[in-house]
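Close look at the chain arrangement
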Amino acid sequence: LFYLLNPNQKKVAITGTNGKTSISHYLKQICNHNKFNTLTIGTLGVYLNEKLKYDFGLTSPAYIDFRKYLDEFYQADILIIEVSSHALDQSRFGDLLFDLGIWSNLTQDHLDYHKSMNNYFNAKAKIINNLKENAPLIVSQDLGSWIDKISYQHIIISKHIEIKDLNVLAQKNISMAVDAFYELFKINETNFSYIQDIPGRF
């Protein structure tokens, strides 16, 4: 099988123990508000803008399915994909390279698979292998001392934006989405009135 890749499509990979779906959801809203078509792949399924196309029941699909979605929705201006530690450890993205990475946090999880926090960190850190040369990796201050262990030169620590009527966690996730949008398109997003919280999240 041969699947096409859109060479002009901006591709974003989001990893972290928590926050992947929220950041993906916020970044999609920002892109849509600015007239960019988005393809999002993650826990809630495959969306073209706000329309659900597939629901595969995993955070990150298998490589063949992933490439199939990219081919089918070739017209999307930006791909936003949630990247699990399992997918990174199993090299589910092959040699595909992303224009930008986001790493939200690292807390104890999936140790039945990874066995230790160091192994879990090393699996997450494999996101670097799928970034284009000089592509930014946006990280949250919530990573704490783990940031110093990331062997990558193009790290951007997200700047926290205070947004009225949203809790601190939502503000952090939106801040990372705003930083990502700026790095992709060099557009400063300052209007947050249209942003809605993700259904089922607090």
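Right, let's walk through the structure included here. Going along each chain's sequence as written, the residues are numbered from 1 onward. Under the rules for a predicted model, residues below a pLDDT of 70 receive no local features and side-chain atom pairs below 80 are neither given nor counted, while totals for whole chains, interfaces and linings still include all residues. The basis for every side-chain value is the complete set of non-hydrogen atoms in the structure, without hydrogens or water.

1. Points about the overall build of the chain
Worth spelling out the cut-off: Each helix corresponds to a stretch of at least 4 residues labelled H or I by DSSP, and each strand to a stretch of at least 2 residues labelled E; elements are numbered beginning at the N terminus. Taken over C-alpha atoms, the radius of gyration is set against a globule rule of 2.2 Å times the number of residues to the power 0.38. Think of it in three bands: residues with accessible area under 20% of the maximum for their type are buried, residues over 50% are exposed, and the middle band is partly exposed, with areas taken using a 1.4 Å probe on protein chains only. In this description, contact between two residues means that some pair of their heavy atoms is separated by no more than 4.5 Å.
A tally of helices and strands in the chain yields 6 helices and 8 strands. In sequence order, the secondary structure elements of the chain are arranged as β-α-β-β-β-α-β-α-β-α-α-β-β-α. The C-alpha radius of gyration computed for the chain amounts to 16 Å, which stays within 12% of the reference 17 Å derived for 202 residues, consistent with globular compactness. Taken along its principal axes, the extent of the C-alpha atoms in the chain is 50 × 40 × 35 Å. Counting across all 202 residues of the chain, residues that qualify as buried make up 51%. In the chain, once contacts between residues fewer than 6 apart in sequence are set aside, the share between residues at least 24 apart is 66%.

2. Notes on the packing of helix α1 (residues 20–33) against helix α6 (residues 168–185)
Relative orientation and spacing of two packed helices are given, respectively, by the angle between their axes and the distance between those axes. Where we set the bar: Where helices are involved, their axes are fitted lines through C-alpha atoms of the stretch in contact, as for all axes, and angles between N-to-C directions lie from 0 to 180°. Orientation labels follow simple angle bins: below 35 degrees gives roughly parallel, above 145 gives roughly antiparallel, 65 to 115 gives roughly perpendicular, and whatever is left gives oblique. Whether a crossing is left-handed or right-handed is set by the direction in which the near helix is turned from the far one by less than a right angle, anticlockwise for left-handed and clockwise for right-handed. Under the grouping applied here, Gly and all other residues not named as nonpolar or charged are polar, the nonpolar ones being Ala, Val, Leu, Ile, Met, Phe, Trp, Tyr, Cys and Pro and the charged ones Asp, Glu, Lys and Arg.
Put simply, α1 and α6 touch, their axes get as near as 8 Å, and they point 50 degrees apart. Between α1 and α6, the angle falls in the class oblique. Where α1 crosses over α6, the handedness of that crossing is right-handed. Facing α1, whose interface residues are Ser22, Ile23, Tyr26, Leu27, Ile30 and Cys31, α6 presents Ala170, Asn173, Ile174, Met176, Ala177, Val178, Ala180, Phe181 and Phe185. In the contact of α1 with α6, the residues fall into 13 nonpolar, 2 polar and no charged.

3. Re unusual backbone geometry
Here Lys35, not a glycine, exhibits a phi torsion of approximately 70 degrees, which is positive. Mapped onto the secondary structure, Lys35 falls in the loop between α1 and β2 (38–42). Although it is not a glycine, Asn134 adopts a positive phi angle of roughly 70 degrees. Tracing the backbone through its elements, the reader meets Asn134 in the loop between α5 (117–125) and β7 (137–139). Accessibility expressed as a relative area gives 51% for Asn134, which makes it exposed.

4. Observations concerning the side chain of Lys20
The cut-off we apply is this: Residues scored as positive are Lys and Arg, those scored as negative are Asp and Glu, and His as well as the terminal groups of each chain are ignored. In what follows, salt bridge is the name for a side-chain nitrogen of Lys or Arg lying within 4 Å of a carboxyl oxygen of Asp or Glu. Side-chain atoms alone can form a polar contact between residues adjacent in sequence; in general such a contact is a pair of N or O atoms within 3.5 Å, and within protein one must be able to donate a hydrogen while the other accepts it.
Looking at where Lys20 falls in the secondary structure, it is placed in helix α1. Salt bridges are absent for the buried Lys20, whose nearest opposite-charge side chain, Glu82, sits at 5.5 Å. A distance of 2.7 Å separates a polar side-chain atom of Lys20 from the backbone oxygen of Gly16. Residues contacting Lys20, with those up to four places away along its chain left out, are Ile14, Thr15, Thr59, Glu82, Val83 and Lys124.

5. Some points on the pattern of salt bridges
Under the defined criterion, the tally for this structure stands at 6 salt bridges. Between Lys68 and Asp65 there is a salt bridge whose closest N-O contact spans 3.9 Å. Of this pair, Lys68 and Asp65 both sit in helix α2 (residues 63–72), separated by 3 residues, roughly a single helical turn. The salt bridge partner of Lys132 is Asp99, with a shortest N-O separation of 2.8 Å. Remark: Asp99 occurs in the loop between α3 (85–89) and β6 (100–103) and Lys132 occurs in the loop between α5 and β7; sequence separation between them is 33 residues. In this structure Asp99 comes out as buried when scored by relative accessible area, which is 17%.

6. Topic: the packing of aromatic side chains
Put simply, the test is: Any two rings among Phe, Tyr and Trp, with Trp reduced to its six-membered ring, count as a pair given centres within 6.5 Å; such a pair is stacked if its planes are under 30 degrees apart, edge-to-face if over 60, and tilted if neither. In this analysis the charged atom, NZ for Lys or CZ for Arg, is taken to sit over a ring once it is within 6 Å of the ring centre and within 35 degrees of the ring normal.
For the structure shown, the criterion picks out 10 aromatic pairs. With a centroid separation of 6.1 Å and an interplanar angle of 25 degrees, the aromatic rings of Phe56 and Tyr69 are classed as stacked. Of the two residues, Phe56 sits in the loop between β4 (51–54) and α2 while Tyr69 sits in helix α2, which places them 13 residues apart along the sequence. Residue Phe56 is classed as partly exposed on the basis of its relative accessible area, which comes to 22%. A relative accessible area of 4% places Tyr69 in the buried class. On the basis of an interplanar angle of 25 degrees and a centroid distance of 5.6 Å, the ring pair of Trp103 and Phe121 is categorised as stacked. A residue pair is termed long-range when its members are at least 10 positions apart, and Trp103 in strand β6 and Phe121 in helix α5 qualify at 18 residues. For the residue pair Trp103 and Phe121, the accessibility class agrees, reading buried in each case. Here the aromatic cluster, defined as three or more aromatic residues joined through ring pairs, consists of Tyr54, Phe56, Tyr69 and Phe73. For Lys28, the ring lying beneath its charged end belongs to Tyr47, and the centroid distance is 4.6 Å. For Lys149, the ring lying beneath its charged end belongs to Trp146, and the centroid distance is 4.7 Å.

Honestly, it's all geometry; don't read function into it.
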